[in-house]
Amino acid sequence: MDRRIAGSIMQDLQYLGAQMDSSGSLQQKVTCLFLCAGQQETARHTESVVQWALRLADQFEADPESAATAAWLHDVSKVWSPTTQLEAAPLLGIDILPEERKAPSLIHQKISRVFAEALFDIDSPEILNAIRCHTTSRPGASRLDDITVVADKLSWQPGQAPFRRHMEKALETSLRAAVFVYLNYLWANRSEIPAVHPQMAEAYRELSRDFAPGQGPLSQV
Ligand SMILES: [Fe+2]
Ligand SMILES: [Fe+2]
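Residues numbered from 1 in each chain as written. Chains lettered and ligands numbered in written order. Predicted model: local features only at pLDDT ≥ 70, side-chain atom pairs only at ≥ 80, totals over all residues.

## Concerning the overall build of the chain
Secondary structure assignment for the chain yields twelve helices and zero strands. Secondary structure elements of the chain, listed N to C terminal, follow the sequence α-α-α-α-α-α-α-α-α-α-α-α. A globule of 221 residues ought to have a C-alpha radius of gyration of about 17 Å, and the chain, at 17 Å, matches this closely. With the C-alpha coordinates aligned to their principal axes, the bounding extent of the chain is approximately 55 × 40 × 30 Å. Within the chain, the proportion of its 221 residues that are buried is 38%. (Helix = DSSP H or I, 4+ residues; strand = E, 2+ residues; numbered from the N terminus. Rg over C-alpha atoms; globule rule 2.2 N^0.38 Å. Buried ≥ 20, exposed ≤ 12 C-beta atoms within 10 Å, placed from the backbone.)

## Description of unusual backbone geometry
At Glu61, a residue that is not glycine, the phi angle is positive and equals roughly 55 degrees. With respect to the helices and strands, Glu61 occurs in the loop between helix H3 (40–59) and helix H4 (64–73). For Asp121, which is not a glycine, the phi torsion comes out positive at approximately 55 degrees. Assignment of secondary structure puts Asp121 in the loop between helix H7 (108–120) and helix H8 (125–132).

## Topic: the confidence of the model for the chain
Looking at the chain as a whole, its pLDDT mean stands at 90, while 91% of the residues score no less than 70. Below pLDDT 50 for its whole length, residues 216–221 participates in five contacts with residues either more than four positions away or in separate chains. (pLDDT = per-residue confidence, 0-100. Contact = placed C-beta atoms within 7 Å.)

## Observations concerning the packing of helix H9 (residues 143–154) against helix H11 (residues 175–188)
At their nearest, the axes of H9 and H11 sit 9 Å apart, and the two run at 50 degrees to each other. What the angle tells us is that H9 and H11 run oblique. The way H9 lies across H11 gives a crossing that is left-handed. Residues Arg143, Asp146, Ile147, Val149, Val150 and Lys153 of H9 lie in contact with H11, whose contacting residues are Leu175, Arg176, Ala178, Val179 and Tyr182. (Axes fitted to C-alpha atoms, helices over the stretch in contact; angles between N-to-C directions. Parallel < 35°, antiparallel > 145°, perpendicular 65-115°, else oblique. Left-handed = near helix turned anticlockwise from the far one by under 90°.)

## Topic: the environment of Thr42
Within the fold, Thr42 resides in helix H3. Take Thr42: there are 18 C-beta atoms within 10 Å of it, and that puts it in the partly exposed class. In this structure, the C-alpha to C-alpha distance between Thr42 and Asp75, residues 33 residues apart in sequence, is 7.6 Å. When near neighbours in sequence (up to four residues on either side) are disregarded, Thr42 contacts Phe34, Asp75 and Lys78.

## Let's talk about H11
Taking 1.5 Å per residue, 14 residues should reach 20 Å; H11 reaches 20 Å between its end C-alpha atoms and fits that length. Within H11 the residues assigned to the buried category are Ala178, Val179, Phe180, Val181, Tyr182 and Leu183. Packing partners of the buried residues in H11 comprise H9, helix H10 (164–171) and helix H12 (198–211). (Expected span 1.5 Å × (residues − 1).)

## Quick notes on the environment of Pro162
Along the polypeptide, Pro162 turns up in the loop between H9 and H10. Owing to 11 C-beta atoms within 10 Å, Pro162 belongs among the exposed residues under this scheme. Along the chain, Pro162 and Glu41 lie 121 residues apart, while their C-alpha atoms are 20 Å from each other.

## Considering the environment of Arg101
Examined against the element boundaries, Arg101 turns out to sit in helix H6 (residues 98–102). By the C-beta count within 10 Å, which is 13 here, Arg101 ends up partly exposed. Separated by 18 residues in the primary sequence, Arg101 and Thr83 place their C-alpha atoms 9.7 Å from one another.

## Description of H4
Buried residues dominate H4, accounting for eight of its ten residues. Inspection of H4 places Ser66, Ala67, Ala68, Thr69, Ala70, Ala71, Trp72 and Leu73 among the buried residues, and these make up the whole buried set. Looking at the packing, one finds that the buried side of H4 touches helix H2 (26–36), H3, H7, H8 and H9.

## Here's the deal with the nonpolar core
Core analysis: the largest hydrophobic core is formed by 54 residues, its most contacted members being Ala53, Ala67, Ala70, Ala71, Ile147 and Ala151. When contributions to this core are tallied by element, the ones reaching two or more residues are H2, H3, H4, H7, H8, H9, H11 and H12. Here Ile147 is in contact with Ala53, Leu56, Ala57, Phe60, Ala62, Ala67 and Leu175, once residues within four sequence places are set aside. (Core = buried A, V, L, I, M, F, W, Y, C linked by C-beta atoms within 7 Å.)

## So, the packing of H4 against H9
For the pair H4 and H9, interaxial distance at closest approach is 10 Å and the crossing angle is 50 degrees. One finds that H4 runs oblique with respect to H9. When the axes of H4 and H9 are compared, the crossing they make is right-handed. Residues Ser66, Ala67, Ala70 and Ala71 of H4 pack against Leu144, Ile147, Thr148 and Ala151 of H9. In terms of residue class, the contact of H4 with H9 is made up of six nonpolar, two polar and no charged. (Nonpolar A, V, L, I, M, F, W, Y, C, P; charged D, E, K, R; others polar.)

If you want it as structure tokens, here you go:
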């Protein structure tokens, strides 16, 4: 990588850290970061994700503090553009998959995980994992992973989430079924999306066994 780019990315990371009042709450720090970066819409979206995460944690008996923390931090790397995130990934020790190169927005879940650890001192593997798979889910997902995925999708703008009604219906009985609604939507529309992330495909295959019996395994992924 060009040393100038590397230097400016590390400088920017330090700058971001300096913007936050270390005595402030997590909400204050994250909101401050988004507003400093001109990301009002991401700040609003994140508040909605937190509200949904708390609601789902209550419904499905998960730890509300962990759910809220993962929700506050899930999109924090969006202060960087997808291009900057791709440039920064190797510096942060992140491997870039071919699918993430093809669809750069997919990398933000990995970068947010690093931000959570480096800028917000989060050391809970459960919270860091939930942040790291909030876009794609993953095989063997935890309850906190599922809460973060579903809270995020329910906070998308109505036009971005045509699966929303089915997801809310599924939530009446099962959190896993709600994740399947999202993955099933992605899979059904896979020819329309820039890339099928392998983690998403594996998670879809796993959930298909429980929620789409009779459709058979997906062998060609
Ligand atoms: Fe996200
Ligand atoms: Fe999000």
